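Close look at the chain arrangement
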Amino acid sequence: MGKPTGFMEFQRLSEGAEPAQDRIKHYKEFTLHLSDAEAGQQAARCMDCGVPFCNNGCPVNNIIPDWNDLVYRGNWAEASAVLHSTNNFPDFTGRICPAPCEAACTLNIDGDAVGIKSIEHAIIDKAWELGLVKPQPAAVKTGKKVAVVGSGPAGLAAAQQLARAGHAVTVFEKSSRIGGLLRYGIPDFKLDKTTIDRRVAQLEAEGVVFRTKVCVGAKPETVGINDDALEVVTADQLKAEFDAVVLAAGSEVPRDLSVPGRQLEGVHYALEFLVPQNKEVAGDEKNPISAAGKHVVVIGGGDTGSDCVGTSNRHGALSVTQFELLPQPPKVENRPLTWPYWPLKMRTSSSHEEGCERDFAVSTKELIGENGKVKALKAVRLDWSSGKPLETGHEFELKADLVLLAMGFTNPVHSLLDAFGVEKDARGNAKATTDGAGCYATNVPKVFAAGDVRRGQSLVVWAIREGRQAAREVDAFLMGSSVLPR
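We now turn to the structure provided with this report. (Residues numbered from 1 in each chain as written. Predicted model: local features only at pLDDT ≥ 70, side-chain atom pairs only at ≥ 80, totals over all residues. Heavy atoms only, no water.)

1. Some points on the sheet that holds strand 13 (residues 357-360)
- Spatially, five strands are ordered 10-17-11-12-13 in an open sheet, and the strand pairing comes out parallel. This sheet does not close on itself; its edge strands, each paired only once, are strand 10 (267-269) and strand 13. Ignoring strand direction, the axes of neighbouring strands in this sheet form an average angle of 20°.
- Two strands pair when backbone bridges link them, and strand 11 (residues 295-299) and strand 12 (residues 319-324) are joined in this way by five bridges, in the parallel orientation. Residue Val-297 lies in a different strand from strand 12, and its bridge partner there is Thr-321.
- Where helix 15 (residues 303-315) meets the sheet, it contacts strand 11, strand 12 and strand 17 (402-405), and its direction lies at approximately 175° from that of strand 12. (Pairing = 2+ DSSP bridges. Helix = DSSP H or I, 4+ residues; strand = E, 2+ residues; numbered from the N terminus. Axes fitted to C-alpha atoms, helices over the stretch in contact; angles between N-to-C directions. Contact = heavy atoms within 4.5 Å.)

Structure (structure tokens):
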């Protein structure tokens, strides 16, 4: 390693950020990447630990010790090359990945992990600054055509890998812009959409064709799913025109809340609030849902709920409360028990820091309305001591002019899977194995599935991994073998 004693000499350094009272006035990114010197010092903390558990903690198996050493030595070009060798889009993961690699860092056993995510962020921003990220079009075309359904991280990763293998790739997206929930689910203050735009431009230069406002199969009927499609392409059309099809449409069906008052005005799925907000920031349309001057209750304690909190504060909400069904986790994880796995501990996002009341072990019983509009929420506290949620009988009411349901997603849109005749697993996802022969292949000949449409709702980094791996399987299916990395 660059500095064998670095982990003893230097402390973990977090990225800087604009103060909360200032950043809630806009929708721009507010996190600053480390300076060159800071990144080099943070990279110097990487130990020569023998077995780098961070590699396996990372779903795309980033070669983290290698690019840490290169950053320490100031070799940004090589660091970028090593980073891109396992991850097509480190500009996404360097901003929004929760960094399971850091949980697996050897330093994390009894100290502070290396700031791997912040180093990744610094590398990719430096790579763009130095003009190191360039299109890599295939030198030889295969004559094979592949359709990719969905332009989220799994679809984009699969498309890029397949295009670089020489195949003619067309990506079909039902929304008006490319990016899937990267574009429409994640607010701009966490991921500026120019980050997606420059990657789309790179893919286009590599030969990928994008077709937006096109729905494959049938128009989704589920409420809460963004659909700008003006054209419908059937599954039979794709199977007839293309040599292979990759389904990478994500897991979009939101989990509902079946309680009295669900139908009241002012009760919405999270994406009914977040998608039009992203469109408003892009200048496409105005968000019909406003949190301005309202008491907002967000039901669900995950990342989507956190995004609702940050957006509500930027609207000018009077108050924001976030409910979580599960009990409050400990502030510090039990490291000897959990390392190198992802630990259970209290996590506070940047949106929580901007203003939010968080309440745990709470179950919503009823939404109370007045003149057809939601005005309050009735909830009950839960006791988890037995391992199961038992109502304590302690009920309470809370003012609520806007209730946002951010309880996760249950499965992909079934109209897409049914159109192809793809078999589903017990959870309603596309059934396709990742082991043995025929990885990512569905029961339908030449139709593959990758990302959340196959594994269920998950992380962006898992979607990138599955897109890359599925691309290799498709390439091998078309050509008999593949040199693409898994």
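2. Observations regarding unusual backbone geometry
- Here the bond from Trp-339 into Pro-340 is cis, since omega is 5°, no more than 30 degrees from zero.
- Mapped onto the elements of the fold, Pro-340 is located in the loop between helix 16 (335-338) and helix 17 (350-353).
- A positive phi angle, close to 60°, is found at Lys-213, a residue other than glycine.
- Structurally, Lys-213 can be placed in the loop between strand 5 (209-211) and strand 6 (214-216).
- Judged by relative accessible area, which is 35%, Lys-213 ranks as partly exposed.
- Although it is not a glycine, Lys-446 sits at a positive phi angle of roughly 60°.
- Within the fold, Lys-446 resides in the loop between helix 18 (414-420) and strand 19 (447-449).
- Exposure remark for Lys-446: the relative accessible area of 25% places this residue in the partly exposed category. (Buried < 20%, exposed > 50% of the residue type's maximum accessible area, 1.4 Å probe, protein only.)

3. A few points about the pairing of strand 14 (residues 362-370)
- With eight bridges connecting them, strand 14 and strand 15 (residues 373-383) associate as antiparallel partners. If you follow Thr-364 over to strand 15, its bridge partner there is Ala-379.
- Counting the residues between successive antiparallel strands, the hairpin from strand 14 to strand 15 contains two residues, one of them, Asn-371, with a positive phi of roughly 55°.

4. Concerning the environment of Pro-260
- Checked against the element boundaries, Pro-260 lands in the loop between strand 9 (253-254) and strand 10.
- Between the C-alpha atom of Pro-260 and that of Lys-365, which follows or precedes it by 105 residues, the distance is 7.6 Å.
- Those residues in contact with Pro-260 that lie beyond four places of it in its chain are Lys-365, Glu-366 and Leu-367.

5. Focus: the layout of surface pockets
- Empty space within the second largest pocket amounts to approximately 150 Å³.
- Forming the boundary of the second largest pocket are Glu-265, Gly-266, His-268, Ile-289, Lys-294, Lys-373, Val-374, Lys-375, Asp-401 and Leu-402.
- The element that contributes the greatest number of residues to the lining of the second largest pocket is strand 15, accounting for three residues.
- Its residues placed into classes, the lining of the second largest pocket shows three nonpolar, two polar and five charged. (1 Å grid on protein atoms, 1.4 Å probe; cavity = no way out; pocket = protein on both sides within 12 Å on 5 of 7 lines; lining within 4 Å. Points joined across faces, edges and corners; volume = space filled by probe spheres on them. Nonpolar A, V, L, I, M, F, W, Y, C, P; charged D, E, K, R; others polar.)

By themselves these figures say nothing about function.
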